[in-house]
Amino acid sequence: MDLLLAFLPLIIIIVAVVLLIVVVRAGVKMMWQVAEPNEALIISGFSRGRADTVDGMEFRIVTGKGAFVIPGLQTVRALSLTLNETELQVNCVTSQGIQVVVEGVVIFKIGDSTPFIANAARRFLGQQAKMESQVYNVFEGHLRSIIGSMTVEEIIRERDKLASQVRSASGIEMEKLGLVVDSLQIKDLQDPTGYIQNLAKPHIAQVVMEARVAEATRNREAAEKEAEAAALIADAQSVSAIKQSAAQANAERARANAAQAGPLADATARQQVVVQETQVAMLEADREEQKLQTTVRKPADAKAYAQRTEAEAQKAADISAAEARARKTELEAQANATAASAMAGATRVTGEAEAAATKARGDATASAIKAKALAEADGIKARGEALSTNQDAVISQQLAENMPAIVAAAAEPFAHVGQMTVLNGGNGVNEMVGGILSQVGAYLPALTDSLKKGKSDVRQPPQP
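Residues numbered from 1 in each chain as written. Predicted model: local features only at pLDDT ≥ 70, side-chain atom pairs only at ≥ 80, totals over all residues. Heavy atoms only, no water.

Draft legend 1. Spotlight on the overall build of the protein. Of regular secondary structure, the protein possesses 10 helices and eight strands. Residue burial in the protein is summarised as follows: out of 464 residues, 25% are buried. For the protein, the accessible area works out to roughly 30,500 Å², and carbon and sulfur atoms hold 58% of it. (Helix = DSSP H or I, 4+ residues; strand = E, 2+ residues; numbered from the N terminus. Buried < 20%, exposed > 50% of the residue type's maximum accessible area, 1.4 Å probe, protein only. Areas by Shrake-Rupley, 256 points an atom, 1.4 Å probe, with all protein chains shown as cover.)

Draft legend 2. Structural view of the pattern of salt bridges. Tallied over the full model, the rule gives six salt bridges. The salt bridge involving Arg144 is made with Glu140; its shortest N-O contact spans 3.0 Å. One end of the pair is Arg144 and the other is Glu140, both in helix H3 (residues 131-147) and four residues apart, which spans about a single turn. For Arg144, a relative accessible area of 41% corresponds to the partly exposed category. Residue Glu140 is classed as buried on the basis of its relative accessible area, which comes to 17%. One salt bridge in this structure joins Glu252 and Arg255, with 2.1 Å as the shortest N-O distance. One end of the pair, Glu252, and the other, Arg255, are both in helix H6 (residues 195-340), three residues apart, so they sit about a helical turn from each other. Accessibility expressed as a relative area gives 41% for Glu252, which makes it partly exposed. On the basis of relative accessible area, Arg255 is assigned to the partly exposed category, the value being 47%. (Salt bridge = Lys/Arg side-chain N within 4 Å of Asp/Glu carboxyl O.)

Draft legend 3. Expanded view of the nonpolar core. Core analysis: the biggest nonpolar cluster contains 41 residues, and Phe139 and Leu179 have the highest contact counts within it. By size, the runner-up hydrophobic cluster in this structure holds six residues, among which are Ala35, Ile43, Val62 and Ala67. (Core = buried A, V, L, I, M, F, W, Y, C linked by side-chain atoms within 4.5 Å.)

Draft legend 4. Fine view of the environment of Ile61. Checked against the element boundaries, Ile61 lands in strand E3 (residues 59-63). Using a relative accessible area of 9% as the deciding quantity, one classes Ile61 as buried. Sequence spacing of Ile61 and Pro115 is 54 residues, and the spatial spacing of their C-alpha atoms is 10.0 Å.

Draft legend 5. A look at a nonpolar patch on the surface. A surface patch of nonpolar side chains, amounting to about 880 Å² of accessible area, comprises Phe7, Leu8, Leu10, Ile11, Ile12, Ile14, Val15, Val18, Leu19 and Val22. Following the sequence through the fold, Leu19 ends up in helix H1 (residues 2-31). (Patch = residues over 30% accessible without salt bridge, like charges linked within 9 Å, V, L, I, M, F, W, Y side chains within 5 Å.)

Draft legend 6. Summary view of the side chain of Asn119. Structurally, the position occupied by Asn119 is in helix H2 (residues 114-124). Exposure remark for Asn119: the relative accessible area of 15% places this residue in the buried category. Sequence-distant contacts of Asn119, defined by excluding residues within four places in its chain, comprise Glu175, Lys176, Leu177 and Gly178. (Contact = heavy atoms within 4.5 Å.)

Draft legend 7. Broad picture of H2. The complete set of buried residues in H2 reads Phe116, Ile117, Ala118, Asn119, Ala120, Ala121 and Phe124. Just downstream of H2 lies Gly126, where phi reads positive at about 80°.

Draft legend 8. The arrangement of the sheet that holds strand E2 (residues 39-45) in detail. Within the open sheet, the three strands sit side by side as E3-E2-E5. Their pairing is antiparallel. The open sheet is flanked by E3 and strand E5 (74-80), the only strands paired with a single partner. Strand-to-strand twist of the sheet, defined as the mean angle between neighbouring strand axes without regard to direction, takes the value 25°. Alignment of E2 against E3, held across five bridges, turns out to be antiparallel. Along E3, the bridge assignment pairs Ser44 with Phe59. With respect to the sheet, H2 is in contact with E2, E3 and E5, its orientation differing from that of E3 by roughly 120°. (Pairing = 2+ DSSP bridges. Axes fitted to C-alpha atoms, helices over the stretch in contact; angles between N-to-C directions.)

Here you go:
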């Protein structure tokens, strides 16, 4: 208890200090006023304005900071610096006497500088709701004045110019009110008389006409493109059909060629065999002909030539002997005639000599004819013997000699053909030639039999 009494003065002092601090803080809080960023504090009463204030005003303006206000001696009120807007709908008359209704919006605020805030505080402090009507009245008058000097066409084309002129014209009045226009927009222009609508009709008609022309042009171009596309599709389908037909024809041709490959190969092989056999036969005929020439004909011709030469030599010898005898007889007759000296005897001797010479020449001619006949008979006999011993060689020789005529006769049906189309290219030509050679081969046995029969008839003389 004594201890408590000892510290009681200290406790009282501490409590007093705390109370003093609380009181001072509360008092400072009551006296210290801070302005918000979007407002200005207007302090009036026990204060004076600064030297730069307008017209020596007797109040302070505080923005963006705090200030001490003595309760009971000073009054503080806030002036909002936020944006405000006013809708405009003004009936105007243009320079053409046409009534129009202009609709717009004005966005405004109290200016940030001290003169603007001072002017706004004098006029709107505590009555900021009246700012909209004041701004409406200012802009209504200026809109009517400016639109009265413009035509409807100018208003339509130059809305920015109209807004700029209205802002410039209202700038001084707005400054006196402490207001600043942030934006003025002309939203709409109504035409109760229908002038704007009628003004637009020619342009609308022109636009409608151009639109219809453009639409017709586009429709025509679209129809042309569709026709071209349809033509291209038809061409593509035609080309595809042609290609498919060609492919199908090639496939059919390939199948036909495959089906004919075996018979065609056999026919080609047979044709080649026939050609080779024909060539072999022709070579054999040539060989037999050469053999016949060497072994039969040339010896027979040589023998016949020798016999003819001997006969001619014999003939010449006989003629020479006959002439010699005739000459001798003639000389003897002349000698006898000279010795007898008788004309009759000489004439008779001369006739006998001539008769003997004529007979000698006849004998010589007969001997020559007989020798030639014997030589020809020997040649025929030699050929007959050759024919009897090697009949096939002789016939082959004759066939070989006449082979071009036989082949020409077999090809005679083609001589009157003006133009001939051969299928399968070279194979078709080979088949045609092979057919001709086959016909010739078919004729050869008959020709051979005919020649053998004729040779037999020749060898056998007719019976008496």
